[in-house]
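# What the coordinates show
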Amino acid sequence: MEQVLKFLRTIDRVIITGGSSGIGKSFIELMSKIEPSLQICNLSRSESERFLDWPQLTHFACDLSRPEALEGVVPDVLKWLERTGSGRILLINNSGYGLYGQFTEIDREAQLNMMDLNVRAVVDLTHRLLPALQASGGHVLNVASIAGHQPTPYLGVYGATKAFVLQWSLAMGVEHAGRGVGFTVLCPGPTESQFFQRAGFDQPPVPGMGHSAEFVVNRALQGVARGRAVVTTGWMNRLTTAFSRRLPLSWQAAISGAVMRRMRLEQKQGSSS
Ligand SMILES: NC(=O)c1ccc[n+]([C@@H]2O[C@H](COP(=O)([O-])OP(=O)(O)OC[C@H]3O[C@@H](n4cnc5c(N)ncnc54)[C@H](OP(=O)(O)O)[C@@H]3O)[C@@H](O)[C@H]2O)c1
């Protein structure tokens, strides 16, 4: 925690997406607890009631899956940056969701919307804000998933969006090395949040195996403070992704397909009983 406090003391402003619930909300809660002087700006469609009277938190309502809405909110964020001084900036690209099921059974528009939020918005927002980060110095924390480490049948589009975030973030880290802006990509496993409900699960697929959002955020901030390029949360997730990486991609797909198919069957049985 000492290291996280030291890191957060080097940061003055935080721009986060998806701070209204789950992991994003926990980021805001934990960072404000550790360093109450941080100015935080949240971009999401709704605002958490928890933060309504927090003077250090500014909320801009925005549907980031709509490119024109993102473009429209950026001037507000830049004005907020002007108002809040010239200190270092932490950008956390966290908004995202998954959709679970057979590819052809999931609504086409919904899958394209997910790609727009999980991929397009991350690249677009980072590109628009990087000049400010480069001017003040800072760090970008991108939230991917362990699903980005291998092909994920039945979460195929979601896993591919997170593979994009993982690879792109690592590439950005190398491109920007020594230029005042660091990059870290966070790969959580199953985490308690609204994620599974929105993804189409009746209940979290691995009850008892997931982490709390607080745990994930703690590990993420520790990783950023240590200058890690990738943070995979929890030893079990690190072990399974390390094991999976040693297998040919086609094997990874087959094994992950068998696991996901089983979840799908269990979900179906669960919902019919
Ligand atoms: N929970 C897990 O098991 C898990 C595992 C690995 C990775 N992740 C990743 O962690 C990130 C956070 O998810 P979570 O688990 O905290 O789920 P969550 O509780 O559902 O939170 C998702 C956040 O994204 C925001 N969001 C959704 N659609 C948006 C849109 N169109 N425009 C702007 N913001 C939008 C939501 O805010 P509004 O609804 O107010 O817009 C909410 O704040 C996601 O990128 C997810 O892929 C989650």
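Placed above this text is the structure.
Residues numbered from 1 in each chain as written. Predicted model: local features only at pLDDT ≥ 70, side-chain atom pairs only at ≥ 80, totals over all residues. Heavy atoms only, no water.

## Regarding the packing of helix H3 (residues 67-83) against helix H4 (residues 108-136)
Where H3 contacts H4, the axes come no closer than 11 Å and their chain directions differ by 30 degrees. Between H3 and H4, the angle is such that the two are roughly parallel. Viewed along their axes, H3 and H4 form a crossing whose handedness is right-handed. In this structure, H3 contributes Pro67, Leu70, Glu71, Val74, Val77, Leu78 and Leu81 to the contact, and H4 contributes Arg120, Ala121, Asp124, Leu125, Arg128, Leu129 and Ala132. (Axes fitted to C-alpha atoms, helices over the stretch in contact; angles between N-to-C directions. Helix = DSSP H or I, 4+ residues; strand = E, 2+ residues; numbered from the N terminus. Parallel < 35°, antiparallel > 145°, perpendicular 65-115°, else oblique. Left-handed = near helix turned anticlockwise from the far one by under 90°. Contact = heavy atoms within 4.5 Å.)

## What about a positive patch on the surface?
A cluster of basic residues, Arg219, Arg226, Arg228 and Arg238, forms a positive patch on the protein surface. Within the secondary structure, Arg219 is located in helix H7 (residues 213-225). For Arg219, a relative accessible area of 33% translates into the label partly exposed. (Patch = residues over 30% accessible without salt bridge, like charges linked within 9 Å, V, L, I, M, F, W, Y side chains within 5 Å. Areas by Shrake-Rupley, 256 points an atom, 1.4 Å probe, with all protein chains shown as cover. Salt bridge = Lys/Arg side-chain N within 4 Å of Asp/Glu carboxyl O. Lys, Arg positive; Asp, Glu negative; His and termini not counted. Charge placed at Lys NZ, Arg CZ, Asp CG, Glu CD. Buried < 20%, exposed > 50% of the residue type's maximum accessible area, 1.4 Å probe, protein only.)

## Let's talk about the sheet that holds strand S1 (residues 13-17)
Within the open sheet, the seven strands sit side by side as S3-S2-S1-S4-S5-S6-S7. Their pairing is parallel. Of all strands in the sheet, those with a lone pairing partner are strand S3 (57-61) and strand S7 (230-232), marking the two edges. Between one strand and the next, the sheet's axes are offset by a mean angle of 15 degrees, whatever the strand orientation. Where helix H5 (residues 156-175) meets the sheet, it contacts strand S5 (138-143), strand S6 (181-187) and S7, and its direction lies at approximately 155 degrees from that of S6. (Pairing = 2+ DSSP bridges.)

## Here's the deal with empty space enclosed by the protein
In this approach, a probe sized like a water molecule rolls over the atoms, and the result shows the empty space that is left. Applying the stated criterion to the full structure yields one cavity of 30 Å³ or more. Volume-wise, the largest cavity comes out at about 50 Å³. If you go around the largest cavity, the residues you meet are Thr17, Leu64, Leu70, Asn93, Asn94, Ser95, Leu117, Ala121, Val122 and Leu125. Class assignment of the residues belonging to the lining of the largest cavity gives a composition of six nonpolar, four polar and no charged. (1 Å grid on protein atoms, 1.4 Å probe; cavity = no way out; pocket = protein on both sides within 12 Å on 5 of 7 lines; lining within 4 Å. Points joined across faces, edges and corners; volume = space filled by probe spheres on them. Nonpolar A, V, L, I, M, F, W, Y, C, P; charged D, E, K, R; others polar.)

## As for the packing of aromatic side chains
This model, assessed by the stated rule, comprises seven aromatic pairs. Centroid distance Tyr100 to Phe201: 4.2 Å. Interplanar angle 20 degrees. Geometry classified as stacked. Here Tyr100, found in the loop between strand S4 (89-93) and H4, pairs with Phe201, found in the loop between helix H6 (195-199) and H7; they are 101 residues apart in sequence, far enough to count as distant. Residue classification places Phe201 among the buried positions, given a relative accessible area of 5%. Members of the aromatic cluster, joined through ring pairs, are Tyr100, Tyr158, Phe195, Phe196 and Phe201. (Phe/Tyr/Trp six-rings, centres within 6.5 Å; stacked < 30°, edge-to-face > 60°.)

These results come straight from atomic positions and should not be treated as a statement about function.
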